[in-house]
Amino acid sequence: MPDLLLELFSEEIPARMQRRAADDLKSLVTNALVEAGLTYEGAKAFATPRRLALHIAGLPVASKATREERKGPRVGSPAQALEGFLRGAGLSSIEEATIQSDPKKGEFYIAVIEKPGRPAEQIIAEVMPGIIRNFPWPKSMRWGSGTLRWVRPLKSIVATFGPETEEPEVIAFDIDGITAGNTTRGHRFHGNETFTVRRFDDYMTKLEKQKVILDADRRKDVIVHDARDQAMALGLELVEDEGLLEEVAGLVEWPVVLTGSFDEAFLSIPDECIRLTIRANQKCFVLRNPATGRLANRFVLTSNLIAADGGKTIIAGNEKVIRARLSDARFFWETDLKTRLEDNLPKLDSIVFHEKLGSQGERVKRLEALAAELAPSCGADADEARRAARLAKADLVSGMVGEFPELQGLMGRYYATHQGESAAVATAIEDHYRPQGPSDHVPANPVAIAVALADKLDLLTGFWAIDEKPTGSKDPFALRRAALGVIRIILENKLRLRLGGIAAPQIGARGADASATTADLLSFFADRLKVHLKEEGARHDLIDAVFALGGQDDLLMVVRRVEALGAFLATEDGVNLLAGYKRAVNILKAEEKKDGAAVSGRPVASHFREEAEIALASAIDTARAAVSDALSGEDFAAAMEALAALRAPVDRFFADILVNADEAALRANRLKLLAEIRDIAGLVADFSKVAG
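Our subject in this report is the structure included herewith. Just so you know, the residues in each chain are numbered from 1, in the order the chain's sequence is written. Only residues with pLDDT of at least 70 get local features here, since the model is predicted, and only at 80 or more are side-chain atom pairs given and counted; chain-wide, interface and lining totals rely on the full set of residues. Calculated side-chain values reflect all of the structure's heavy atoms, with hydrogen atoms and water omitted.

Our next topic: the sheet that holds strand S6 (residues 106-115). Two orientations exist for strands paired in a sheet by backbone hydrogen bonds: parallel and antiparallel. Across the sheet, three strands lie side by side as S4-S6-S5; this open sheet has antiparallel pairing. Across the chains shown, the open sheet's two edge strands, defined by having one partner strand only, are strand S4 (66-74) and strand S5 (98-102). This sheet shows a mean twist of 35° between the axes of neighbouring strands, independent of strand direction. Pairing of S5 with S6 involves five bridges; the strand directions are antiparallel. Its bridge partner lying in S6, Asp102 is registered against Gly106. Working rule for contacts: check all heavy atoms of both residues, and any pair within 4.5 Å makes them a contact. What counts as an axis is a line fitted to C-alpha atoms, over the stretch in contact for a helix, and the angles between N-to-C directions run from 0 to 180 degrees. A run of H or I in DSSP becomes a helix once it reaches four residues, and a run of E becomes a strand once it reaches two; helices and strands are each numbered from the N terminus. Taken strand by strand, helix H2 (residues 79-89) contacts S4 and S6, and its axis lies near 175° from that of S4. DSSP-based pairing: two strands are paired if at least 2 bridges between them are found.

For H2, the full list of buried residues reads Leu82, Phe85, Leu86 and Ala89. Viewed along the axis of H2, the buried residues span an arc of 95°, placing them on a single side of the element. Among the exposed residues of H2, those oriented more than 90 degrees off its buried face are Gln80 and Arg87. Packed against the buried residues of H2 are S4 and S6. Phi turns positive one or two residues past the end of H2, at Gly90, with a value near 75°. Summary of the burial criterion: residues with accessible area below 20% of their type's maximum are buried, those above 50% are exposed, and those between are partly exposed, where the area comes from a 1.4 Å probe applied to protein chains only. This arc describes the spread of directions from the helix axis toward the C-beta atoms.

On the basis of which strands lie adjacent, the open sheet formed by five strands has the order S2-S3-S1-S7-S8 and antiparallel pairing. Edge positions in the open sheet fall to strand S2 (42-48) and strand S8 (169-170), since each of these has one partner strand only. Examined bridge by bridge, strand S1 (residues 3-10) and strand S7 (residues 154-162) share eight bridges and lie antiparallel to one another. Within S7, the position partnered with Glu7 by the bridge is Val158. Strands S1, S2 and strand S3 (51-57) of the sheet are contacted by helix H1 (residues 15-35), whose axis makes an angle of about 40° with S3. Along the sheet, helix H3 (residues 120-133) makes contact with S1, S7 and S8, crossing S7 at roughly 155°.

Within this document, salt bridges are pairs made up of a side-chain nitrogen of Lys or Arg and a carboxyl oxygen of Asp or Glu, the two lying within 4 Å of each other. The tally for this structure, following the rule as stated, stands at 58 salt bridges. Taking the shortest distance from any N to any O, the salt bridge between Glu167 and Arg198 comes out at 3.2 Å. Within this pair, whereas Glu167 is found in the loop between S7 and S8, its partner Arg198 is found in the loop between strand S12 (194-196) and helix H4 (200-209), the two being separated by 31 residues in sequence. Note on Glu167: relative accessible area 54%, which makes it exposed. A residue is classified by how much of its surface remains accessible, and Arg198, at 30% relative accessible area, is partly exposed.

So, in structure tokens, the structure goes:
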């Protein structure tokens, strides 16, 4: 079957846009072709700095003819209904429709819509101009006198179609004077002459000869392997950076890897500052000395040029720029070291955190108090937690963080260590921002845990107090991430915290309704915990069953209760007791709906007639005491075990007893027994939320 080759050749496409643009081209073209009746066997898109390309394999030579019968209104319907039917079916008059008869619905109109098949070339030529004109670039431009908008000026289009055994056809279409053809160019410096291509294999081969590697993943592979080899030759190792590798692969069509160096004196700067300076300014990788674990005074660059001098001039140019940038970094570092972190604090008073929540300086005071309050629950020293919170934001006004905001916290740790703060305080300054995402680790040091929780809880309670909560997909202050961070810190460090008791005073201090706002914030935590537990594999219905009990603000206990409930319901006793519970609840619902009142009160022992109900009442009394004792001791497994003891008496009760007895007093007494089953189960979880 024929293949389609498309190439859109332009000036340089920003590296960050290339991968997405290739995916968009693939989906837009394949969707349009399938909608027009052209299926395909496979498709793959590619991007380089100067081109987007798409290969679609196994397209038919034409779309299939179609025949559709579209049912219309009844015969005799109003003219407006008939006009709508004719318009939708593409008929010019009602005489073009046929009439069918239905024994129940009477006579109605049928339109037979027949569409002949069309050549694939015609379909492709029709859909491509619209796709190109409306391509979803994040940013686009217009040039010259044309109306087309593209990320950079579009130079040429390749569009060929045909089977492997024949000469492919050129799909003729035009965009702002650019006519699709079968010629393109290779590398800007090593293959910029035009050449003709036929189909994808031919296209790939000729591009390689013209020093273009079309596949971005192949370019990445060349870069990383050459970089590793050159590092190994120097007795060093490459500091891997997937994000930088993706970006650099989008800057070159023919990667040439070279190694440069910088003055060893710059190694007095923290490694992270060196790496970020070289990465941000020159898009270069750094190398590490495996013997020391510290960076070496070497870097790896990727050129798009095969230089006649072996790259000496290119290396020298990069070394010159890196020397200047590292000089700036060293200036920031040495200047920052001259100022103690505490001396930076007055500057935080002039930095607005949020117009309704005050300055960064005011926030620091809140963090100090909250971190000290949380410290005992985290196993931390309150004075150290207060000290760490006091200094946690002080590096925000440092020169290095001003240059590289992503180093906040990390630079604070360096400065704190330099000025003689304890290891716990220095670690907390760096780690209090964590976790910053699902793959980031949580703080493990007790002081860091206290400050990290204070930072996130202050953020959440503050924005809840001023009613600036996440809505839909919008979360400008990353409050969902903060809540998930609190959850992970608590669960992974097995902390016992009552979030309601912590949040209410913080919210009340800002003049909000402490009770209602705290309840709403706890509901938000419950939703985030559900997301977290679902990702961990927990059943959503069990999470709902535990949260339905109300007042569940001790997240660690919620998780343990969910785990115990899941283990119980995985047993035969759990499954059968759940069935018995649901049967009891359904009977009670029917009676309560009929009588208009809830069944309540203890059953009267003298009204028992049958052994099964006597045995169930006794088992309930025993289980109630055992469940209450287990829950008070937070032994949820034991509570489930006590519930399991009810399985046999409940089964026997439903097998032997007619609940809706004719005698009113007997029926009422048996309904109270069912209510007791509901109530005792409700001590553990709301079993009505459990599926099954």
